[in-house]
Structures are given as C-alpha cells and as structure tokens.
Amino acid sequence: MRTLCLLAFLAATTNAFADWSLDNSGSELSFVTTKATDVAEVHTFDELSGSVGSDGHARVVIQLASVNTLIPIRDERMREILFQTDLFPTAAVDARLDIVRLNNMAVSTSEVLTTEILLSLGETSVPITAELLLTRIAPDRVLVTPMKPIIVNAGTLNLAEGVEVLREIAGLPSISKAVPVTFVLQFVAA
C-alpha cells in the first residue's frame with residue numbers, strides 16, 4: 001500500500017511540473033477564405049509544432065509551406081506570393097496558460113481561459129484576445145480549442161498586398177481580408 005501511494009505521489013508530482021508537447025497528428029489549424037462575396041472555402045496548415053513550458057508559456061509554430069487548400073497551384077501561390085515562405089517559413093502563436101490549473105485538471109473536465117495570444121509572422125506581431133477551452137482528455141493529454149473562431153485580418157499581418165495579387169491572378173471580384181481561424185491543439189505531457 002505504501003508503495004502504491006508513493007507511486008501515485010511521484011506520478012502527480014512529475015505531472016505537476018511537466019512540460020507539454022504538441023501532438024501534430026492530433027491537432028489541426030484551419031482557416032476560411034471567402035472569395036467572390038460569398039464563396040467560402042476551408043483550408044489547413046498540416047505541420048504544427050509547439051509546447052507549453054512549466055512556466056505556462058505556450059508556443060505553437062506553424063510551417064507556412066504546409067498550407068493545404070486541396071488545390072496544388074493555389075497552395076504554391078499562397079506559399080510564394082502570400083506567405084513568402086522563402087523569407088518567412090513559419091508563423092508563431094504565443095500565449096500564457098495557467099499551468100497550475102492545467103496540471104490540476106481532472107480527466108474529462110474542461111476550463112475556459114480568456115487570454116491574449118500573440119500571432120507573429122515575419123517582423124509583424126498582432127495581439128488577439130481569445131477565449132480558449134482546455135479539456136483534459138487523458139491523464140497526459142489536453143485539448144485546446146477556441147470557444148469561437150478567431151478573426152485575423154490580412155492587413156494587420158501585412159498580407160493585404162499578397163491577397164490582392166492572388167485576387168488578380170485568379171480573376172476574382174473579391175477576396176475577403178478577414179479570415180476566421182479555428183484549431184484543435186492536442187498537448188501531451190512530456
């Protein structure tokens with residue numbers, strides 16, 4: 001009995017100070033583009049990495065070359081013209097999570113956290129207030145999702161000119177610069 005209690009204490013102590021790593025296979029980041037006034041399409045970034053440190057600093061890195069629109073030529077144009085992945089291969093999202101709350105969550109429970117996230121692309125960073133839902137899905141796994149889609153404006157990230165070039169190439173009357181973003185991020189205790 002004493003050994004069982006000691007093992008339970010060590011497991012809890014180890015988890016309390018654990019760092020968390022993003023599981024790309026259990027995560028997804030998607031965004032919606034709207035063209036020609038009311039034609040909306042969902043796209044994803046397929047390569048994400050990240051972590052939450054013992055200090056609560058969370059960082060997710062998006063490999064911009066992994067953009068996936070299901071149309072190869074559009075993916076290529078977005079990489080080259082919009083994101084300029086040869087110059088800016090990644091975007092990053094930084095946030096601060098309450099690590100004590102995160103580590104003390106029971107399995108099958110959720111917590112809502114309102115926090116400011118910082119979206120960085122190239123030399124531009126944009127603060128965004130987000131309401132996140134953290135759900136403990138297993139003793140060593142947490143899901144993080146937004147309560148509502150996060151709206152990112154291409155202009156605030158210096159992408160408006162690239163959007164306009166893409167609009168001209170495609171011969172479209174419009175492409176919205178306001179882009180709803182949503183995600184499911186799965187973190188695993190290290």
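Residues numbered from 1 in each chain as written. Predicted model: local features only at pLDDT ≥ 70, side-chain atom pairs only at ≥ 80, totals over all residues. Heavy atoms only, no water.

(A) Highlighting the environment of Ala-178. Residue placement: Ala-178 occurs in strand E12 (residues 178–189). In this structure, the C-alpha to C-alpha distance between Ala-178 and Ala-160, residues 18 residues apart in sequence, is 10.0 Å. Every residue in contact with Ala-178, bar those within four places of it in the chain, is listed here: Ile-151, Val-152 and Asn-153. (Helix = DSSP H or I, 4+ residues; strand = E, 2+ residues; numbered from the N terminus. Contact = heavy atoms within 4.5 Å.)

(B) Summary view of the pairing of strand E4 (residues 48–52). Examined bridge by bridge, strand E1 (residues 20–22) and E4 share two bridges and lie antiparallel to one another. Counterpart to Ser-21 in the pairing with E4 is Ser-51. Direction of pairing for E4 relative to strand E5 (residues 57–63): antiparallel, over a ladder of five bridges. Looking across to E5, one finds that Gly-50 is bridged to Val-60. Connecting E4 to the antiparallel partner E5 that follows it, the hairpin turn spans four residues, and Gly-56 within it adopts a positive phi of roughly 90°. (Pairing = 2+ DSSP bridges.)

(C) Here's a closer look at the packing of aromatic side chains. On inspection of all chains with the given rule, the structure shows two aromatic pairs. Taken together, the aromatic side chains of Phe-31, Phe-45 and Phe-83 make up a single cluster linked through ring pairs. (Phe/Tyr/Trp six-rings, centres within 6.5 Å; stacked < 30°, edge-to-face > 60°.)

(D) The layout of surface pockets, seen in detail. Within this model, the largest pocket holds a volume of roughly 910 Å³. Lining of the largest pocket is provided by 50 residues; of these, Phe-31, Phe-45, Phe-83, Val-179 and Val-181 occupy positions nearest its centre. Looking at side-chain class alone, the lining of the largest pocket contains 38 nonpolar, five polar and seven charged residues. The space that makes up the second largest pocket amounts to roughly 170 Å³. Lining of the second largest pocket is provided by 14 residues; of these, Gln-84, Phe-88, Leu-157, Asn-158 and Leu-159 occupy positions nearest its centre. (1 Å grid on protein atoms, 1.4 Å probe; cavity = no way out; pocket = protein on both sides within 12 Å on 5 of 7 lines; lining within 4 Å. Points joined across faces, edges and corners; volume = space filled by probe spheres on them. Nonpolar A, V, L, I, M, F, W, Y, C, P; charged D, E, K, R; others polar.)

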